[in-house]
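Per-entry structural report
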Amino acid sequence: MEIQGIDQELICNTAYIARAYTVLTEDDVRARQAKDTAAVADVLSVPAGIAAVLLRHFKWRADEAQASWFADERSVRDAVDLPPPPPAEDGAGAPIVAANAAGDVDLVCTICFGGRSAGRKVSAGCRAHFYCRACWRGYLRAVVEDGGARSLALRCPEPSCRAPVARELVDAAAGAADRARYAAFAARSYVEDSGGRIKWCPAPGCTNAVELDGGAGNAAADVVCWCGHAFCFRCGEEAHRPVTCETVRRWQAKNSSNAETANWVLTHTKHCPRCRQPIEKNQGCNHMRCRCGHAFCWLCLGPAGKGNHYMCVGQPQHVKNVGGSKEEQKRRQAKASLDRYLYHYERWAANANSLRMALADMEKLKESELEVMAAMVGAYSPKELDFFTEAYEQVADGRRVLRWSHAYGYFLDPERDAKKRELFDFVQNEANQALERLHGCAELERKEIYGYDDAEMGKKFMAYRNKLEKLTGVTRHYFENLVKAFESDLPEIFAVNFRDNK
């Protein structure tokens, strides 16, 4: 079977690409942190608070912390300012909260200079500098209120002492509000001190974290949080395959310097080329039909005829030196540069709008329509209709790829990269065609199923499902190859291989 000439036998069974990352909720983060802390504390025979200090130093890598400890305990203690172990008669492990053994002797707190019995004074792991609980409470409050990394790098109040203040002492001496703030900082440390292995989702209001399964060395990957936000694990910006983080920074700088022009391009309406009536684009497809009956392409305003329109005409022309004064040449070059920017910016913005609409359509489908359709076609559960959401996810991913590929296209040199520019236009049009075909099948053909009676609906539905699943696989396969081609700077062999499959 072939769809638009692409051999299905080669690629229709392509498995859904495994996501090489894990999304963690706040509860997941706390559970992992508690498990790692307990394991290290048990293996090294140290209190949990000291285990947490060690783990933060080793970026929460429990295996590395344990191996380093057994290889050279003294060096590890020096690295985290942990005092030497106490004498054997004092028991194993350094106590975190210690009272002076001479409980009947009054000691002067060197912070408030108040006299208190030794039994009412506590010390950090150094077991040498004792302060009253009121001063400890004030000291902890002052540090915790500052927030950030300093809260977890607490040291003995004695300036010359670097002994760490561990969690047990905070829990024993701090007030309830300060304990809660410290606990929150400690939980965030598992992500923020992980050495880049785990990062928080940057979406506003989202509290999830994402961990790359391959570690921070695989940080070029785009990831999608459970909240729906897709972002680049390396730079934290929105997902931008197939371009590099540096290209994204350059493109955003260009957009900032052309803010007023960009706002003009982003107008929500365009005029029908025939009747000049304003039209608002409220669906993802670029094939528009005015009330007057005229069909045209939203991007280039060219006539679309009776069928679908994929090939955009009116692409910006690259101006060469055709004579004239230097001032005239500069004006022509400036206009050509602006036209080239507007061409790519408008398509960059249009694909972003189509991406948002595809995601909105997918959410609407999951919230209501899938249950109705499941009942109509006799499915046991809406989960059996996940092939719909997979299709929309592929549409969204494709729109994201096409969006950022225009940043790549803008930075191609009009003259030096003329051949590459020709290839860029070719693959853009082919990719748009594949994506519009999938979107049309998922959005328009789905609605046609409702027009059949019960006897025909089951048969038509199975045929439609088979078509949509295969089309999703075809599109996914093509876009993965497209991303690889852009990432390798559009080698000509990509176009040759694609034409061979036609």
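Residues numbered from 1 in each chain as written. Predicted model: local features only at pLDDT ≥ 70, side-chain atom pairs only at ≥ 80, totals over all residues. Heavy atoms only, no water.

The protein is annotated in an unreviewed UniProt entry as RBR-type E3 ubiquitin transferase from Eragrostis curvula. Quoted verbatim from the Sequence similarities (unreviewed entry) field of the UniProt record, the comment on the protein reads "Belongs to the RBR family. Ariadne subfamily." Its UniProt record gives the protein a comment under Catalytic activity (unreviewed entry), which states: "[E2 ubiquitin-conjugating enzyme]-S-ubiquitinyl-L-cysteine + [acceptor protein]-L-lysine = [E2 ubiquitin-conjugating enzyme]-L-cysteine + [acceptor protein]-N(6)-ubiquitinyl-L-lysine." (UniProt positions renumbered as here; feature names shortened; annotations may be inferred.)

Another point: the overall build of the protein. A count of helical and extended segments in the protein gives 16 helices and 15 strands. Buried residues in the protein amount to 45% of all 502 residues. Sequence separation of 24 or more characterises 59% of the internal contacts of the protein that already satisfy a separation of 6 or more. Counting every atom, the protein has about 25900 Å² of accessible surface; 51% of that belongs to carbon and sulfur. (Helix = DSSP H or I, 4+ residues; strand = E, 2+ residues; numbered from the N terminus. Buried < 20%, exposed > 50% of the residue type's maximum accessible area, 1.4 Å probe, protein only. Contact = heavy atoms within 4.5 Å. Areas by Shrake-Rupley, 256 points an atom, 1.4 Å probe, with all protein chains shown as cover.)

Its place among the elements puts Arg-421 in helix α14 (residues 418-448). On a C-alpha basis, the gap between Arg-421 and Leu-490 in space is 9.5 Å, while along the polypeptide they are 69 residues apart. Here the side chain of Arg-421 touches Gly-409 through a polar contact of 3.3 Å, landing on its backbone oxygen. (Polar contact = N/O pair within 3.5 Å; in protein donor to acceptor, adjacent residues only side chain to side chain.)

The next subject is the pattern of salt bridges. Inspection of every chain in the model, using the stated rule, returns 20 salt bridges. Residue Glu-238 pairs with Arg-403 through a salt bridge whose shortest N-O separation is 2.5 Å. Of the two residues, Glu-238 is situated in the loop between β11 (230-232) and α10 (245-257) and Arg-403 in helix α13 (residues 386-410); the sequence distance between them amounts to 165 residues. Look at Glu-238 and you get partly exposed, because its relative accessible area is 28%. Residue class for Arg-403 comes out buried when judged on its relative accessible area of 9%. Between Arg-400 and Asp-397 there is a salt bridge whose closest N-O contact spans 3.8 Å. Taken together, the residues span about one helical turn, with Arg-400 and Asp-397 both in helix α13 at a distance of three residues. Residue Arg-400 is classed as buried on the basis of its relative accessible area of 12%. (Salt bridge = Lys/Arg side-chain N within 4 Å of Asp/Glu carboxyl O.)

Moving on, we get to the sheet that holds strand β3 (residues 21-24). Within the open sheet, the three strands sit side by side as β3-β9-β8. Their pairing is antiparallel. Both edges of this open sheet fall to β3 and β8 (198-200), since each of them pairs with a single strand only. In this sheet, adjacent strand axes meet at a mean angle of 25° when their direction is disregarded. Judged from the four bridges that link them, β3 and strand β9 (residues 209-212) form a sheet pairing that is antiparallel. (Pairing = 2+ DSSP bridges. Axes fitted to C-alpha atoms, helices over the stretch in contact; angles between N-to-C directions.)

Below, the discussion takes up helix α3 (residues 48-57). α3 sits mainly inside the fold: eight of its 10 residues count as buried. All buried positions along α3 are accounted for by Gly-49, Ile-50, Ala-51, Ala-52, Val-53, Leu-54, Leu-55 and Arg-56. Of the residues flanking the end of α3, it is Lys-59, one or two places downstream, whose phi is positive at about 55°.

Take the packing of helix α2 (residues 26-44) against helix α9 (residues 176-192) next. Direction vectors running N to C along α2 and α9 enclose 90°, while the axes themselves pass 9 Å from each other. In terms of axis orientation, α2 runs roughly perpendicular to α9. Contacts between α2 and α9 involve Val-29, Arg-30, Arg-32, Gln-33 and Asp-36 on the former and, on the latter, Ala-186, Ala-187, Tyr-190 and Val-191. A class-by-class count of the residues in the contact of α2 with α9 yields five nonpolar, one polar and three charged. (Parallel < 35°, antiparallel > 145°, perpendicular 65-115°, else oblique. Nonpolar A, V, L, I, M, F, W, Y, C, P; charged D, E, K, R; others polar.)

One turn of an α-helix holds 3.6 residues; hence residues three or four places apart share an orientation. In a regular helix each residue adds 1.5 Å, so 13 residues correspond to 18 Å; α10 covers 19 Å between its end C-alpha atoms and thus fits that length. Taken together, the buried positions of α10 are occupied by Cys-245, Thr-247, Val-248, Trp-251 and Asn-255. Axial view of α10: buried residues confined to an arc of 150°, hence all on one face. For α10, the exposed residues lying more than 90 degrees away from the buried face are Ser-256 and Ser-257. (Expected span 1.5 Å × (residues − 1). Arc of directions from axis to C-beta.)

Take the confidence of the model for the protein next. In the predicted model, the protein carries a mean pLDDT of 77, and the fraction of residues at 70 or more is 75%. Note on residues 1-18: pLDDT under 50 across the span, and 34 contacts to partners over four residues away in sequence or across chains. Counted against residues more than four places away or in other chains, residues 493-502, with its pLDDT under 50, gives 17 contacts. (pLDDT = per-residue confidence, 0-100.)

Before going further, it helps to spend a moment on the packing of aromatic side chains. A full pass over the atoms with the stated rule returns 19 aromatic pairs. Aromatic side chains Trp-348 and Trp-404 sit 5.6 Å apart centroid to centroid with 80° between the ring planes, which places their arrangement in the edge-to-face category. Here the residue Trp-348 occupies a position in helix α12 (residues 326-377), and Trp-404 occupies one in helix α13, the gap between them amounting to 56 residues. Accessibility assignment for this pair places Trp-348 and Trp-404 in one class, buried. The ring of Tyr-410 is capped by Arg-340, whose NZ or CZ atom sits 4.7 Å from the centre of that ring. (Phe/Tyr/Trp six-rings, centres within 6.5 Å; stacked < 30°, edge-to-face > 60°. Lys NZ or Arg CZ within 6 Å of the ring centre and 35° of its normal.)

Moving on, we get to the pairing of β9. A two-sided burial pattern is seen for β9, the buried positions comprising Ala-209 and Glu-211 on one face and Val-210 and Leu-212 on the other. For β8 and β9, the ladder comprises three bridges, and the chain directions are antiparallel. The residue of β9 that forms the bridge with Trp-200 is Ala-209.

Our focus in this paragraph is the nonpolar core. Core analysis: the biggest nonpolar cluster contains 27 residues, and Trp-251, Phe-479, Leu-482 and Leu-490 have the highest contact counts within it. Those elements that place two or more of their residues in this core are α10, α12, α13, α14 and α15 (454-487). Apart from residues lying up to four places away in sequence, Leu-490 is in contact with Tyr-408, Lys-420, Leu-423, Phe-424, Val-427 and Ala-485. Residues Ala-65, Val-80, Val-191 and Trp-200 belong to the second largest nonpolar core, which totals 26 residues. (Core = buried A, V, L, I, M, F, W, Y, C linked by side-chain atoms within 4.5 Å.)

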